[in-house]
Amino acid sequence: MNILVLAEHDGQQLNPSSLQAITAAQFWQAPVHVLLVGSALDTIASSLATVSGVTKVIKAEAAHLENPLAEDIANLLVSISSEYSVILAAHTSFSRNTLPRAAALLDVAMISDVLEIQAENCYVRSIYAGNILTHIQSQDALQVLTVHSSHFIAATTQGGSADISAIDVPAPFTQTRWISTKQTQSDRPALSSAKVVVSGGRSLGSAENFEQVLAPLAAKLGAAIGATRAAVDAGYAANELQVGQTGIVVAPDLYIAVGISGAVQHTYGMKDSRIVVAINQDPDAPIFQIADYGLVGDLFDTIPAITAAIQ
Ligand code: FAD
């Protein structure tokens, strides 16, 4: 049986986490097929065909898939599922919206956010925002899972020579329709793939402070800006900047947590960062337990001073 990876892309580029999902798919030592859903997929299919370990790139192209609905992707996965023993994707908002629908339609378990694959149907996954690791075994003939991408090394983009083929897609799902997509334009790197992230918490106190204190530091470091849920709920930062269990999971080289307490729901989304720097006025703040470097101080003094000191 084959392994199917559902790829995530924006029409131009593959989301880097899909390369990590491709590495996870190698575990079964079976042919790895990658499913691309969209329209006009030739360019991205060609670049995927050279990814190491991929044996086949499958294009599911149709006009209604230009902005695909999770319902359409789930129906598509069901239509080709009989060829596969495993369907997997990186654990992102895209796959969290899509794969559970497919698993439900197929009446199999949804195994989400896998940290480690131990045997062909045995997995380690975290629960309670990463506080407890569970070891689970699935008896389903078809395993549907998402993988925690930072736990897998990205497949190299060269060396492969996969076949590219196209498949027929099921009729569009008519009970839901795509209306529009609103995308925030920013000169900063994308949060999910940035090498450096500067994140702020509720302690920034206002949207103006959030921008005025963090933006100059982020600009000097070429960093993306992130936020805690408390900062987002208070209206200091946009929803899409939320890092954590119910936000984006990041694993940059450097994560700077500014005035963030370190609640487990937040650290779930950043604890795989290579170096964590925490700035907090409370020496007992839990964030210091996972920080590589900690600075106890008032962020309104320390962040401008650090920013000024960076050449
Ligand atoms: P606080 O906990 O209020 O901490 C503020 C920190 O700033 C304190 O440590 C304080 O000492 C410090 N501080 C204050 N003033 C200064 C100053 N002048 N200088 C320096 N330090 C200062 N949270 C997330 O972030 N992401 C999630 O995805 C998420 N998902 C959740 C899901 C669920 C189901 C639940 C229940 C909660 C979730 N939360 C999430 C919320 C989480 O539990 C915390 O409430 C939140 O992370 C706290 O944000 P904070 O650190 O900004 O605020």
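Residues numbered from 1 in each chain as written. Predicted model: local features only at pLDDT ≥ 70, side-chain atom pairs only at ≥ 80, totals over all residues. Heavy atoms only, no water.

Looking at an unreviewed UniProt entry, the protein carries the name Electron transfer flavoprotein subunit alpha, with the source organism given as Methyloprofundus sedimenti. Within the UniProt record for the protein, the comment given under Function (unreviewed entry) is "The electron transfer flavoprotein serves as a specific electron acceptor for other dehydrogenases. It transfers the electrons to the main respiratory chain via ETF-ubiquinone oxidoreductase (ETF dehydrogenase)." (UniProt positions renumbered as here; feature names shortened; annotations may be inferred.)

**Q** I keep staring at the packing of aromatic side chains and nothing clicks. Help me out?
**A** Two aromatic rings are characterised by how far apart their centres lie and by the angle between their planes. Going through the model one piece at a time under the given rule, you end up with one aromatic pair. Geometrically, the ring pair formed by Phe 27 and Trp 28 is edge-to-face, given 5.6 Å between the ring centres and 80° between the ring planes. Classification of Phe 27 by relative accessible area gives partly exposed; the value is 35%. By relative accessible area, which is 14% here, Trp 28 ends up buried. (Phe/Tyr/Trp six-rings, centres within 6.5 Å; stacked < 30°, edge-to-face > 60°. Buried < 20%, exposed > 50% of the residue type's maximum accessible area, 1.4 Å probe, protein only.)

**Q** Help me understand the pairing of strand β4 (residues 84-90) in this model?
**A** Regular strands have side chains that alternate between both faces of the sheet. Across the seven residues that make up β4, a large majority, seven, are buried. Note: strand β1 (residues 2-6) against β4, four bridges, orientation parallel. Within the sheet, the bridge partner assigned to Asn 2 lies in β4 and is Tyr 84. Pairing analysis gives five bridges linking β4 to strand β8 (residues 143-147), with the strands arranged parallel. Paired with Ala 89 across the two strands is Thr 146, which belongs to β8. (Helix = DSSP H or I, 4+ residues; strand = E, 2+ residues; numbered from the N terminus. Pairing = 2+ DSSP bridges.)

**Q** Help me understand unusual backbone geometry in this model?
**A** Excluding glycine, residues mostly have negative phi values, and the peptide bonds linking residues are mostly trans. Non-glycine residue Tyr 128 carries a positive phi angle of around 50°. Position of Tyr 128 relative to the elements: it lies in the loop between β6 (122-127) and β7 (132-137). With a phi angle near 55°, Ala 129 is a residue other than glycine that sits in the positive phi range. Residue classification places Ala 129 among the buried residues on the basis of a relative accessible area of 8%.

**Q** Honestly, the site of the ligand in this entry has me stumped. Any pointers?
**A** Every one of the 25 residues lining the ligand counts as a neighbour, but Arg 202, Thr 228, Thr 246, Gln 265 and Asn 280 are closest to it. At a separation of 3.1 Å, an oxygen atom of the ligand approaches a polar backbone atom of Gly 259. The side chain of Gln 265 places a nitrogen or oxygen atom 2.8 Å from an oxygen atom of the ligand. The fraction of the free accessible surface of the ligand (980 Å²) that becomes covered by protein chains is 75%. Breaking the shell around the ligand down by element, the ones donating at least two residues are α6 (229-233), α7 (264-267) and α9 (299-309). (Near = heavy atom within 4 Å. Polar contact = N/O pair within 3.5 Å; in protein donor to acceptor, adjacent residues only side chain to side chain. Areas by Shrake-Rupley, 256 points an atom, 1.4 Å probe, with all protein chains shown as cover.)

**Q** Explanation requested: the domain arrangement of the protein in the structure shown.
**A** Accessible area lost on assembly of the parts is the figure often given for the size of an interface. According to the domain assignment, the protein contains domain 1 (2-166) and domain 2 (196-309). Taking only C-alpha atoms into account, the centre of domain 1 sits 31 Å from that of domain 2. Across the contact, 10 residues belong to domain 1 and 10 residues belong to domain 2. A combined buried area of about 730 Å² lies between domain 1 and domain 2, and 46% of that area is made up of carbon and sulfur atoms. Between domain 1 and domain 2 we count zero salt bridges in total. Applying the counting rule to domain 1 against domain 2 returns five residue pairs in polar contact (both at pLDDT 80 or more). When the residues that make up the side of domain 1 that touches domain 2 are grouped by side-chain class, the tally is one nonpolar, seven polar and two charged. (Domains from an automatic or database assignment. Contact = heavy atoms within 4.5 Å. Buried area = accessible area lost by both parts, 1.4 Å probe. Salt bridge = Lys/Arg side-chain N within 4 Å of Asp/Glu carboxyl O. Nonpolar A, V, L, I, M, F, W, Y, C, P; charged D, E, K, R; others polar.)

**Q** I tried to follow the pattern of salt bridges on my own but got confused; where do I start?
**A** Between side chains of opposite charge, a pair can form when the charged atoms approach closely. Summed over the entire model, instances satisfying the criterion amount to six salt bridges. Glu 61 is the salt-bridge partner of Lys 59, the closest N and O atoms lying 3.7 Å from each other. When the shortest N-O distance is used, the salt bridge between Asp 233 and Arg 229 registers 3.6 Å. Taken together, the residues Asp 233 and Arg 229, both in helix α6 and four residues apart, mark about one turn of the helix. A relative accessible area of 46% places Arg 229 in the partly exposed class. Ionic contacts of the salt-bridge type, sharing partners, join the residues Asp 42, Lys 59 and Glu 61 into one network.

**Q** It is not clear to me how the sheet that holds strand β14 (residues 293-296) should be interpreted in this structure. Could you clarify?
**A** Either a parallel or an antiparallel arrangement is found when strands of a sheet pair, and the pairing is made through backbone hydrogen bonds. Within the open sheet, the five strands sit side by side as β11-β10-β12-β13-β14. Their pairing is parallel. Looking at strand neighbours, the two that pair on one side only are β11 (224-227) and β14, the edges of this open sheet. Within the sheet, the average angular offset between the axes of one strand and its neighbour, ignoring direction, is 15°. Pairing geometry for strand β10 (residues 196-200) and β11, over four bridges, is parallel. By the bridge assignment for β11, Val 197 is matched with Ala 224. Contacts from α9 reach β12 (254-258), β13 (275-280) and β14 within the one sheet, and its direction differs from that of β13 by about 135°. (Axes fitted to C-alpha atoms, helices over the stretch in contact; angles between N-to-C directions.)

**Q** Got a minute to help me understand the environment of Val 57 in this structure?
**A** Considering the arrangement of structural elements, one finds Val 57 in strand β3 (residues 56-61). Given a relative accessible area of 0%, Val 57 falls into the buried group. It is 8.6 Å that separates the C-alpha atoms of Val 57 and Ser 46, two residues lying 11 residues apart in sequence. Those residues within four positions of Val 57 in sequence are excluded, and the remaining contacts are Val 34, Leu 36, Ala 45, Leu 48, Ala 49, Ala 162, Asp 163, Ile 164 and Ser 165.

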